[in-house]
Amino acid sequence: KFMIDTVNNRKLFSFRSLVCAAAAFLLVSCASVSHYEKIDAAVLSGNYDRGLTLVKEAKGKGYRDKDAVVYYLDAGMISHFAGSYEKSSEYLQEAEKSIEAAFTKSISLEAATFLVNDTMREYPGEDYEDLYLNVFNALNYYHRENMEGAMVEVRRMDNKIRYLSTKYGTVLTKAQQDLLKKDSGIPYDKEAARVEFTNSALARYLGMLFYRAEGKRDDARIDRDQVRLAFANQPAMYDFPLPETLDEELSIPREKARLNVLGFSGRSPLKAEKVTRIPISGSNWIKISIPEFRERPSRVARTVVSLDSGENFELELIEKLGTVARETFKQRAAIIYVKTILRSLTKTTSSALLDEGASHADDPGAALLLGLLSLGTQVYAEASEQADLRMSRYFPDRAHVGGITVDPGVYTVTVTWYDSGNNLVQQTVYDGVEIKSNRLNLLEAVCMQ
């Protein structure tokens, strides 16, 4: 009796150990998002200084060491909106370095993602985050009167876009080959991995303005034409009209001055977990848990810019950053999907083998132990398989542009954001805006609602 009790206790201990291990992995790999509640409230109210303070306070807590990219991006974007352009550049440059480092990380941490899930490694950033940090860093340089630095950032974004189509080629091909070896029978859509984003109208528009400010008219015309091509060649990305004022930007009378307004509205999408369970044998199943983008609706429907001289104009949409985010995620999503299947198959196969061993065991005690181990392994597989939902939260969803040619002088400029019912969402007044001839007078406005 003593020997039987001892064996049963060992079986129970083994089962409990597996369940506890699964729970431990679940807790360790989960990233807390509770710190975002207060940060979101500050950002939505336009209190960016408060939002930045809260981000800094959450470092090492809500933002863990392996969330460095998220921390630097959140701090960099909120600093930008707060008008702390030098500090914003520092944060965004750190984010860019961290993204590069995470992408080329040693194989040791990558191997851990095959054992548990993708949250076990450093967050490598999404491609759209890596692209648009250059846009906002370009604006940081502009606001600091460093036009050369601004143009360098725009060119960096363009180079990254060119690299997108080949960035994941080798990794994706190898993952597909590994999946074929498993003969899983789980369908995979190769078309889903094709990225159609090849040119950014927003980046080209800024390039046009920067070149115009430097007196490089030919370069400015090239970027203006590239804006047109971005719309013409990517109808899925630009399913809205080309800004009507585009041609006006390069035909400013010598004695006049041009005010340009760049408006950002809404907030970029967030990731949510999509879970699919596929039975494979007996009581065993494969859990496929992958991230997908979900929109955060914006209240903004139209934006009006008014000058105290009586002139006014509406901003026009030039880029949907959220659409670019979803499009550029396709290749990484394909890799995540294939890798998740491979990882889940590995976890679940162990459980299935233990099940088979239990069904063929002659000793009832051994059969019970194998059955408990099988159940514990399946519990671990279920608990540990999670989608990596980390990402930055404070990129805007849409970019709007507009301009007006006026006499040089000092103006009060009011930017008013309306919802679809023409109700006021937000209004910002800019006093003492000096609009000079023969220079770029670019005003930036943001409404995160």
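A brief report on the enclosed structure follows. All figures in this text were calculated on a predicted structure; none of them were measured in a lab.

Next up on the list: the overall build of the protein. Scanning the protein from N- to C-terminus turns up 14 helices and 10 strands. Every one of the 449 residues in the protein was classed for burial, and the buried ones make up 52%. Considering only intrachain contacts with a sequence separation of at least 6, the fraction spanning at least 24 residues in the protein is 77%. For the protein, the computed accessible surface area is about 20,800 Å², with 53% contributed by carbon and sulfur atoms.

So, on to the packing of helix α10 (residues 201–213) against helix α11 (residues 217–233). At their nearest, the axes of α10 and α11 sit 8 Å apart, and the two run at 165 degrees to each other. In terms of their interaxial angle, α10 and α11 are classed as roughly antiparallel. Viewed along their axes, α10 and α11 form a crossing whose handedness is left-handed. Between α10 and α11, the contacting residues are Ala201, Arg204, Tyr205, Gly207, Met208, Tyr211 and Arg212 on the first element and Arg217, Asp219, Ala220, Asp223, Arg224, Gln226, Val227, Ala230 and Phe231 on the second. Taken together, the residues of the contact of α10 with α11 break down into eight nonpolar, two polar and six charged.

So, on to the sheet that holds strand β4 (residues 302–307). Across the sheet, four strands lie side by side as β5-β4-β8-β9; this open sheet has antiparallel pairing. Where the open sheet ends on each side, the last strands, each with one partner, are β5 (312–314) and β9 (424–435). Across the sheet, the mean angle separating the axes of adjacent strands is 20 degrees when strand polarity is ignored. With nine bridges connecting them, strand β8 (residues 409–418) and β9 associate as antiparallel partners. Opposite valine 413, over in β9, you have tyrosine 430 as the bridge partner.

With the rule as written, the count across this model stands at 16 aromatic pairs. Geometrically, the ring pair formed by tyrosine 63 and tyrosine 71 is edge-to-face, given 5.4 Å between the ring centres and 70 degrees between the ring planes. Judged by its relative accessible area of 2%, tyrosine 63 is buried. Residue classification places tyrosine 71 among the buried residues on the basis of a relative accessible area of 7%. Taking the centre distance of 4.8 Å and the plane angle of 15 degrees together, the rings of phenylalanine 293 and phenylalanine 329 count as stacked. Here phenylalanine 293, found in strand β3 (residues 284–296), pairs with phenylalanine 329, found in the loop between α12 (321–328) and α13 (330–360); they are 36 residues apart in sequence, far enough to count as distant. When its relative accessible area of 13% is taken as the criterion, phenylalanine 293 is described as buried. Chaining the aromatic ring pairs together yields one cluster made of Tyr48, Phe81, Tyr128, Phe136, Phe264, Phe293, Phe329 and Phe395. Between the NZ or CZ atom of lysine 87 and the centre of the ring of tyrosine 91, over which it lies, the distance is 5.7 Å.

Core analysis: the biggest nonpolar cluster contains 86 residues, and Ile39, Tyr132, Phe136, Phe197, Leu202, Leu206 and Phe210 have the highest contact counts within it. The dominant element in this core, judged by the number of residues it contributes, is helix α7 (residues 127–143), at 10 residues. In this structure, phenylalanine 197 is in contact with Leu131, Tyr132, Ile161, Leu164, Gln234, Met237, Tyr238, Glu319, Val324, Glu327 and Thr328, ignoring residues within four places of it in sequence.

The backbone of asparagine 422 shows a phi angle near 65 degrees, a positive value even though the residue is not glycine. Within the secondary structure layout, asparagine 422 lies in the loop between β8 and β9. With a relative accessible area of 47%, asparagine 422 lands in the partly exposed category. Of note in this structure, asparagine 438 is not a glycine but carries a positive phi near 60 degrees. Inspection of the secondary structure puts asparagine 438 in the loop between β9 and β10 (441–447).

Moving on, we get to the pairing of strand β1 (residues 257–265). Residues in a regular strand point their side chains to alternate faces of the sheet. Of all nine residues making up β1, nine are buried, and the element is well covered by its neighbours. Burial along β1 is two-sided: Ala257, Leu259, Val261, Gly263 and Ser265 and Arg258, Asn260, Leu262 and Phe264, pointing in opposite directions, are all buried. Relative to strand β7 (residues 398–406), β1 is paired through nine bridges, and the arrangement is antiparallel. Bridge assignment links valine 261 to a residue of β7, and that residue is glycine 402.

Moving on: the packing of α7 against α10. At a minimum axis distance of 11 Å, the contact between α7 and α10 shows a crossing angle of 20 degrees. One way to sum up the angle between α7 and α10 is to call them roughly parallel. Both α7 and α10 take part in a crossing whose hand is left-handed. Where α7 approaches α10, its residues Tyr132, Val135, Ala138, Leu139 and Tyr142 are matched on the opposing element by Leu202, Leu206 and Phe210. For the contact of α7 with α10, the residue count by class is eight nonpolar, no polar and no charged.

This paragraph deals with the pattern of salt bridges. Scanning the entire structure with this criterion turns up 30 salt bridges. The closest approach of N and O atoms between lysine 87 and glutamate 90, which form a salt bridge, is 3.2 Å. Residue lysine 87 and its partner glutamate 90 are both found in helix α5 (residues 85–103); the two are separated by three residues, about one turn of the helix. Assessed through its relative accessible area of 36%, lysine 87 is described here as partly exposed.

Scoring rules and cut-offs
- Note on numbering: residues in each chain are counted from 1, in written sequence order.
- Predicted model: local features are reported for residues with pLDDT of at least 70 only, side-chain atom pairs are reported and counted for 80 or more only, and whole-chain, interface and lining totals are derived from all residues.
- The side-chain numbers reported here are obtained from all heavy atoms of the structure, hydrogens and water having been left aside.
- A run of DSSP states H or I qualifies as a helix once it reaches four residues; a run of E qualifies as a strand once it reaches two. Both are numbered from the N-terminal end.
- For every residue, the accessible area obtained with a 1.4 Å probe (protein chains only) is divided by the maximum for its type, and the residue is called buried under 20%, exposed over 50%, and partly exposed between those limits.
- Only heavy atoms enter the contact rule, under which two residues are in contact if any of them lie within 4.5 Å.
- The accessible surface values rely on the Shrake-Rupley method and a 1.4 Å probe; as for residues, cover is taken only from the protein chains in view.
- To get an axis, a line is fitted to the C-alpha atoms, and for a helix only the part in contact is used. The angle between two axes follows their N-to-C directions and goes from 0 to 180 degrees.
- Here the word oblique covers every angle except those under 35 degrees (roughly parallel), over 145 (roughly antiparallel) and from 65 to 115 (roughly perpendicular).
- By definition, any crossing whose near helix is turned counterclockwise from its far helix by less than a right angle is left-handed, and any crossing with a clockwise turn is right-handed.
- When residue character is reported, Ala, Val, Leu, Ile, Met, Phe, Trp, Tyr, Cys and Pro are called nonpolar, Asp, Glu, Lys and Arg charged, and the others, Gly included, polar.
- Paired strands, in this sense, are two strands between which DSSP finds at least two bridges.
- Any two of the Phe, Tyr and Trp rings considered here, Trp counted by its six-membered ring, make a pair once their centres fall within 6.5 Å; the pair's planes then place it as stacked at under 30 degrees, edge-to-face at over 60, or tilted in between.
- Ring-over charges, as used throughout, are those where CZ of Arg or NZ of Lys falls within 6 Å of the ring centre and within 35 degrees of the ring normal.
- The definition of a nonpolar core used throughout is a set of buried Ala, Val, Leu, Ile, Met, Phe, Trp, Tyr and Cys residues joined through side-chain atoms within 4.5 Å.
- The rule for a salt bridge is simple: a side-chain nitrogen of Lys or Arg has to be within 4 Å of a carboxyl oxygen of Asp or Glu.

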